[in-house]
Amino acid sequence: MIILSAQFLIMLDASIVTVALPDIQHELGFSASGVQAVVTAYNVAFGGALILGGRVGDLFGRRRFFVLGMAGFALSSLLCSLSVDATMLVACRVLHGLAAAVIAPTALALLADTFPEGAARARAMSRFGIATVLGFVGGLVLSGLLVESLGWQSVFYVTVPVGALVAVLIPRLIAPAPVAARPGRLDVLGAVLITTGVALVVVAPTQGSAQGWTSPQCVVPLVAGLIVLVLFVFAERRHPDPLVRPGLFRSGMLRAANVVTLASGLLSGSAYLLVTLYLQEVMGRTPVQAGLIVAPIGLVNVVFGMVLGRLIPRVGLAASLTGATVCAGLLVALVASQVTVTRSLVLFALVLFPMGMSILATTVSSTLAATAGVSPREQGLAAGVRQTSFQLGIALGVAVLLSLASSRTSVMEGKGVAHGQALAAGYQAAMYVLAVLVIVAGVVTFAEVRNHKRAITARRVPATIT
């Protein structure tokens, strides 16, 4: 429960701030475009430092860094709520993201340490998936209530007491994970390169959405980030104790897990957000009403998650990865077909349930696959890679799909379509594109899993002597 509370808080923070942005802009003097830096600062720091956060836990003690991360998260949340100007808030959000980048991979690695592979880990990871979905949906629900009743500061200080309590309880309730007798030195060059490269790649889609996809603000960080990541690969091949072992990604199952994790990030970050915006801007619901319509998905997923932990071991991890991803894409397409001006709200709410269940299934199966077959010494690293893929999916999905929806709306209005219908057409187009991307991820995953099985079979079958 302690570990799941940490994951819940991180996902809550990922979604709860969005609704508060207009109030933050007004009170702290942000420009209309500059207020997005409140979200961007967190995402860049979080996404960039995840692999480093997971690896330092492997080397120097996961429980120790879990405590430090939770304490830092609570403190930075408090500082965010006390911010008196734009500069202070953005700086505190950077600290917020760095603390979360330590928590997320160490929490997942501690789960993998505690529960051995098989049915026990499947049940644990299903609850981890429940916490992920509940945190994100809970942020959408709570944000409207908090901002309307207590102001924008409340979206930050609501996490302070929980974060502080978790930090105090961790040493009492979680045994320290074994640390290598010779932990080795931290690959400082690799840490700088991977953190910088991923941070630049994460910030690029945000700038593309705001400034244009061919603007220097988008192209320069994207190209620079890719160059830095290539340099990172070369540096790791030459380092005696690399931050990321080059052979880590030779496993087809691990590659498949990260493809599905990327798709899961796309789904978690974009599907619920597009649905919430549609309910508000097309169907005329308030933020609180929209959140309450989406909230039952989280409650249903609590029950479904309990079943999922027992179902995946029976179906098989490989089949679950592919099946969950393809089903999620098809169900997003089903929801997209209901995004119209005249749609019955009750019918629309009903089709959200299977979509939410499929998103949970992709999250759980990809998390299990990302930790399967990984050495205990590298669980933090594998968790950091998994969380980075998830965060990239969120960043790409939100930036690209919202930009696509806006462009489609503008085109429809240019053709004389009424504003409400144009908005619905924009959100519908974005959800159809999301569905296609997720289905493609499922097809790629199928190919990777099949190659992984062939590789295992080839290793087991002895060579024929002629």
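See the structure printed just above.
Worth saying up front: this structure is predicted, and the values here are computed from it rather than measured. (Residues numbered from 1 in each chain as written. Predicted model: local features only at pLDDT ≥ 70, side-chain atom pairs only at ≥ 80, totals over all residues. Heavy atoms only, no water.)

A. Structural detail: the overall build of the protein. Counting secondary structure elements, the protein contains 16 helices and zero strands. Taken over the C-alpha trace, the protein has a radius of gyration of 22 Å; the compact-globule value for 466 residues is 23 Å, and the two agree within 12%. Its C-alpha atoms give the protein principal-axis dimensions of roughly 75 × 55 × 45 Å. A buried classification covers 53% of the 466 residues belonging to the protein. Look at the contacts in the protein between residues 6 or more apart in sequence, and 83% of them connect residues 24 or more apart. A total accessible area of about 19,300 Å² is found for the protein, and carbon and sulfur atoms account for 68% of it. (Helix = DSSP H or I, 4+ residues; strand = E, 2+ residues; numbered from the N terminus. Rg over C-alpha atoms; globule rule 2.2 N^0.38 Å. Buried < 20%, exposed > 50% of the residue type's maximum accessible area, 1.4 Å probe, protein only. Contact = heavy atoms within 4.5 Å. Areas by Shrake-Rupley, 256 points an atom, 1.4 Å probe, with all protein chains shown as cover.)

B. Molecular detail of helix α10 (residues 216–238). Here α10 contains 23 residues, and its C-alpha end-to-end distance of 33 Å stays within 8% of the 33 Å for a straight helix at 1.5 Å per residue. The set of residues buried in α10 consists of Cys218, Pro221, Gly225, Val228, Phe232, Ala235 and Glu236. On its buried face, α10 is in contact with α9 (188–211). (Expected span 1.5 Å × (residues − 1).)

C. Focus on a nonpolar patch on the surface. Side chains of Trp213, Leu262, Leu396 and Val400 sit close together on the surface and give an oily, nonpolar patch of about 290 Å² of accessible area. In this fold, leucine 396 is placed in helix α15 (residues 379–414). (Patch = residues over 30% accessible without salt bridge, like charges linked within 9 Å, V, L, I, M, F, W, Y side chains within 5 Å. Salt bridge = Lys/Arg side-chain N within 4 Å of Asp/Glu carboxyl O.)

D. Structural detail: the packing of aromatic side chains. Throughout the structure, instances matching the rule amount to three aromatic pairs. With a centroid separation of 6.2 Å and an interplanar angle of 85°, the aromatic rings of tryptophan 152 and phenylalanine 156 are classed as edge-to-face. This pair shows no difference in class: tryptophan 152 is buried, exactly as phenylalanine 156 is. Ring geometry for tyrosine 278 and phenylalanine 348: centres 5.0 Å apart, planes at 55°, overall tilted. (Phe/Tyr/Trp six-rings, centres within 6.5 Å; stacked < 30°, edge-to-face > 60°.)

E. Spatial organisation of the packing of helix α5 (residues 86–114) against α15. Between α5 and α15, whose axes approach to 8 Å, the crossing angle comes to 130°. As summarised for this structure, α5 and α15 are arranged oblique, according to the angle between their axes. In this structure, α5 crosses over α15, and the sense of that crossing is right-handed. Between α5, through Ala104, Pro105, Leu108, Ala109, Ala112 and Asp113, and α15, the contact on the second element is made entirely by Gln379, Gly380, Ala383, Gly384, Arg386 and Gln387. (Axes fitted to C-alpha atoms, helices over the stretch in contact; angles between N-to-C directions. Parallel < 35°, antiparallel > 145°, perpendicular 65-115°, else oblique. Left-handed = near helix turned anticlockwise from the far one by under 90°.)

F. Seen up close, the nonpolar core. One finds Ile24, Phe66, Tyr272 and Met355 to be the most contacted residues of the largest nonpolar core, which totals 105 residues. Considering every element that reaches this core, the biggest residue donor is helix α6 (residues 119–150), with 13 residues. In contact with phenylalanine 66, not counting residues within four places along its chain, are Ile2, Ile3, Ala6, Ile103, Thr106, Ala107, Leu110, Ile170 and Ile174. Within the second largest apolar cluster, 14 residues are counted, among which are Ala191, Ile194, Val228 and Ala235. (Core = buried A, V, L, I, M, F, W, Y, C linked by side-chain atoms within 4.5 Å.)

G. Molecular detail of the environment of histidine 96. The topology assignment puts histidine 96 in helix α5. A residue is classified by how much of its surface remains accessible, and histidine 96, at 0% relative accessible area, is buried. C-alpha separation for the pair histidine 96 and proline 296, spaced 200 residues apart in sequence, amounts to 29 Å. Once residues lying within four places of it in the same chain are set aside, the contact partners of histidine 96 are Asp13, Tyr42, Phe73, Ser76, Ser77, Cys80 and Phe156.

H. Up close: the packing of helix α1 (residues 2–16) against α5. Packing of α1 against α5 brings their axes to within 9 Å, and their N-to-C directions diverge by 145°. Our pair here, α1 against α5, has a crossing hand that is left-handed. Of the residues in α5, those touching α1 at Ile3, Leu4, Ala6, Ile10 and Asp13 are Arg93, His96, Ala100, Ile103, Ala104, Ala107, Leu110 and Leu111. Here the residues of the contact of α1 with α5 are counted per class, giving ten nonpolar, one polar and two charged. (Nonpolar A, V, L, I, M, F, W, Y, C, P; charged D, E, K, R; others polar.)

I. Seen up close, the environment of alanine 328. Inspection of the secondary structure assignment puts alanine 328 in helix α13 (residues 317–337). On the basis of relative accessibility, which here comes to 0%, the residue alanine 328 falls in the buried class. Residues alanine 328 and glutamine 379, spaced 51 residues apart in sequence, show a C-alpha to C-alpha distance of 27 Å. Alanine 328 has contacts with Leu267, Ser358, Thr362 and Val438, leaving out every residue within four places of it along the chain.

J. Structural view of the environment of alanine 74. Residue placement: alanine 74 occurs in helix α4 (residues 62–81). Note: C-alpha distance between alanine 74 and leucine 186 (112 residues apart in sequence) is 26 Å. What alanine 74 contacts, discounting residues up to four positions off in sequence, is Val160, Gly163 and Ala164.

K. Broad picture of α1. Taking 1.5 Å per residue as the helical rise, α1 with its 15 residues ought to reach 21 Å, and the 21 Å between its terminal C-alpha atoms agrees with that figure. Extensive coverage of α1 is indicated by the burial of twelve of its 15 residues. Three or more residues of α1 are buried, namely Ile2, Ile3, Leu4, Ala6, Gln7, Leu9, Ile10, Met11, Leu12, Asp13, Ser15 and Ile16.

L. Representation of the pattern of salt bridges within the structure. Scanning the entire structure with this criterion turns up three salt bridges. Where aspartate 58 meets arginine 55, a salt bridge forms, and the shortest distance between an N and an O atom there is 3.2 Å. One end of the pair is aspartate 58 and the other is arginine 55, both in helix α3 (residues 37–60) and three residues apart, which spans about a single turn. No difference in accessibility class separates aspartate 58 from arginine 55, as the two residues are buried. When the shortest N-O distance is used, the salt bridge between aspartate 58 and arginine 62 registers 2.7 Å. Through salt bridges that share partners, Arg55, Asp58, Arg62 and Asp113 make up one connected network.

M. Seen up close, the side chain of serine 365. Its place among the elements puts serine 365 in helix α14 (residues 345–371). A distance of 3.3 Å separates the side chain of serine 365 from the backbone oxygen of threonine 362, its partner in a polar contact. Non-local contacts of serine 365, meaning those with residues more than four positions away in its chain, are made with Ile312, Leu317, Ser320, Leu321 and Ala324. (Polar contact = N/O pair within 3.5 Å; in protein donor to acceptor, adjacent residues only side chain to side chain.)

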